Every structure is written in C-alpha cells, then in structure tokens.
Amino acid sequence: MKIVVIQGPNLNMLGIREQQVYGPMKLEQIHAQMKEFATQNGIEVEFFQSNLEGEIVDKVQECYGEAQGIIINAAAYTHTSIAIRDAISAVNIPTIEVHISNIHRREEFRKTNMIAPVCSSSIVGFGPFGYHLAMVGMLQIMNEIKAAQEAQAQAQQATQVQ
Ligand code: DQA
C-alpha cells in the first residue's frame, strides 16, 4: 500500500512560522515520524510539498493508479482552491485532510473549507500529532476496504457454487 502525503504552501516554514500557532516542529521531523510509522506497518510513503496550487493539483492527479491513500494539508489553499478540491474528487482515492491548528476557532476566512467535502475525514487542531492520527486513520480505512472486498469475493464465490 502506498500513501502520498501532500503539504501545501508555507508548511516548509514550520518550526519558523508562527510557532505560537503551529509549534516548533519542522516539516522534516514530522515526515521522519510518519516514515517510521509507515515502515513499522509495511506502508510505502511519499512526501511532497509545494507552494504552488497547480503543482499540488498535478501531484494529486499523479496519485491516480499509483497510491491507495492521500494525506493532505492544503494549508491556505484549503480555503480557496476549487482546483485542488476537483483534483481530489477526480482521482477518487481515500483522502484525509490534516490541519495542525484548529481552523474552526481562528479567523472567519479559515472556516471556509473547499477540501473537506471531498475527503474521507478531517483532522484538525492536534498539532503535528494530527499527521500521525491521519496515518492511523488511513490504515483503518484500508483495512475496511480490504474487509469489504474480501466479503464481496466470498459472496461471489458462494453464488457461483449454488
Ligand atoms: C493550516 C491552516 C490554514 O488556515 C493555514 O493557511 C495554514 C496551515 C494548518 O495546518 O493549521 O497554512 O492548514
């Protein structure tokens, strides 16, 4: 199983930017922890960060046929990008969005969320730990899909025997 982690604009500045909101952890440290969890659970993980909307759209599209799950923090584009939303909807891959801060208790403009309606779930306000929760959540989603596929295969076999 392969998961692609997509990080939006200014997340490359974690550890420097607004530490009172986002904490002191750098993006590389967050990714190192995710990688460790992925290795322990036999998951392949790829990391991507961009400050450009079109590059994020391209990356989501590249996931089609390549990845079984997407974890995305679209950062400021969360609140504006119909293009990223449409890309997630187009590839139809289970997607979890993460926000380090609790976007619901911040400025009014952060309450608009273009991405959440096309995602399996949202994790907000847990700080960098949210990325770990997203990995655990993605494993759960994968297990549920696998169980449903197995049940379907069994049901098909049963009808063939009859
Ligand atoms: C963020 C929240 C966004 O509103 C903001 O623009 C970010 C980071 C978060 O992780 O809390 O850049 O997505």
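Structure: above.
Read on for a plain summary of the structure.

Thresholds, definitions, all that
- Residues numbered from 1 in each chain as written.
- Predicted model: local features only at pLDDT ≥ 70, side-chain atom pairs only at ≥ 80, totals over all residues.
- Heavy atoms only, no water.
- Near = heavy atom within 4 Å.
- Polar contact = N/O pair within 3.5 Å; in protein donor to acceptor, adjacent residues only side chain to side chain.
- Areas by Shrake-Rupley, 256 points an atom, 1.4 Å probe, with all protein chains shown as cover.
- Nonpolar A, V, L, I, M, F, W, Y, C, P; charged D, E, K, R; others polar.
- Axes fitted to C-alpha atoms, helices over the stretch in contact; angles between N-to-C directions.
- Helix = DSSP H or I, 4+ residues; strand = E, 2+ residues; numbered from the N terminus.
- Parallel < 35°, antiparallel > 145°, perpendicular 65-115°, else oblique.
- Left-handed = near helix turned anticlockwise from the far one by under 90°.
- Contact = heavy atoms within 4.5 Å.
- Core = buried A, V, L, I, M, F, W, Y, C linked by side-chain atoms within 4.5 Å.
- Buried < 20%, exposed > 50% of the residue type's maximum accessible area, 1.4 Å probe, protein only.
- Salt bridge = Lys/Arg side-chain N within 4 Å of Asp/Glu carboxyl O.

With that settled, consider the site of the ligand. Lining the immediate environment of the ligand, one finds Arg 17, Tyr 22, Asn 73, Ala 75, Ala 76, His 79, His 99, Ile 100, Ser 101, Ile 103 and Arg 110. Take Ala 76: an N or O atom from its main chain is 3.2 Å from an oxygen atom of the ligand. Within the side chain of Arg 110, an N or O atom sits 2.8 Å from an oxygen atom of the ligand. Calculation on the ligand without its partners gives an accessible area of 320 Å², and the protein chains cover 98% of this total. The residue makeup of the shell around the ligand, split by class, is five nonpolar, four polar and two charged.

What follows is about the packing of helix α2 (residues 27-40) against helix α5 (residues 129-161). One way to put it is that α2 packs onto α5 with a least axis distance of 10 Å and a crossing angle of 25°. On the basis of their axis angle, the class for α2 and α5 is roughly parallel. The two elements α2 and α5 cross, and the hand of that crossing is right-handed. Of the residues in α5, those in contact with Ile 30, Met 34, Phe 37 and Ala 38 of α2 are Tyr 131, His 132, Met 135, Val 136 and Leu 139. Looking at the contact of α2 with α5, its residues break down into eight nonpolar, one polar and no charged.

The next thing to look at is the nonpolar core. Soluble, globular proteins show a tendency: their nonpolar side chains are buried together. By size, the foremost hydrophobic cluster in this structure holds 25 residues, and its most contacted members are Ile 3, Leu 14, Met 34, Ile 71, Tyr 131 and Met 135. Excluding residues within four positions of it along the chain, Tyr 131 makes contact with Gln 7, Leu 11, Ile 30, Met 34, Ile 71, Asn 73, Val 98 and Ile 100. In terms of nonpolar packing, the next biggest core, distinct from the first, is built from 19 residues, Val 4, Val 57, Ile 88 and Ile 115 among them.

Time to look at the pattern of salt bridges. The tally for this structure, following the rule as stated, stands at seven salt bridges. Measuring nitrogen to oxygen at the nearest pair gives 2.6 Å for the salt bridge that ties Glu 46 to Lys 59. Within this pair, whereas Glu 46 is found in strand β2 (residues 44-49), its partner Lys 59 is found in helix α3 (residues 53-62), the two being separated by 13 residues in sequence. Given the relative accessible area of 9%, Lys 59 is considered buried. A cluster of three or more residues bridged by salt bridges with shared partners is formed by Lys 2, Glu 46, Lys 59 and Glu 62.

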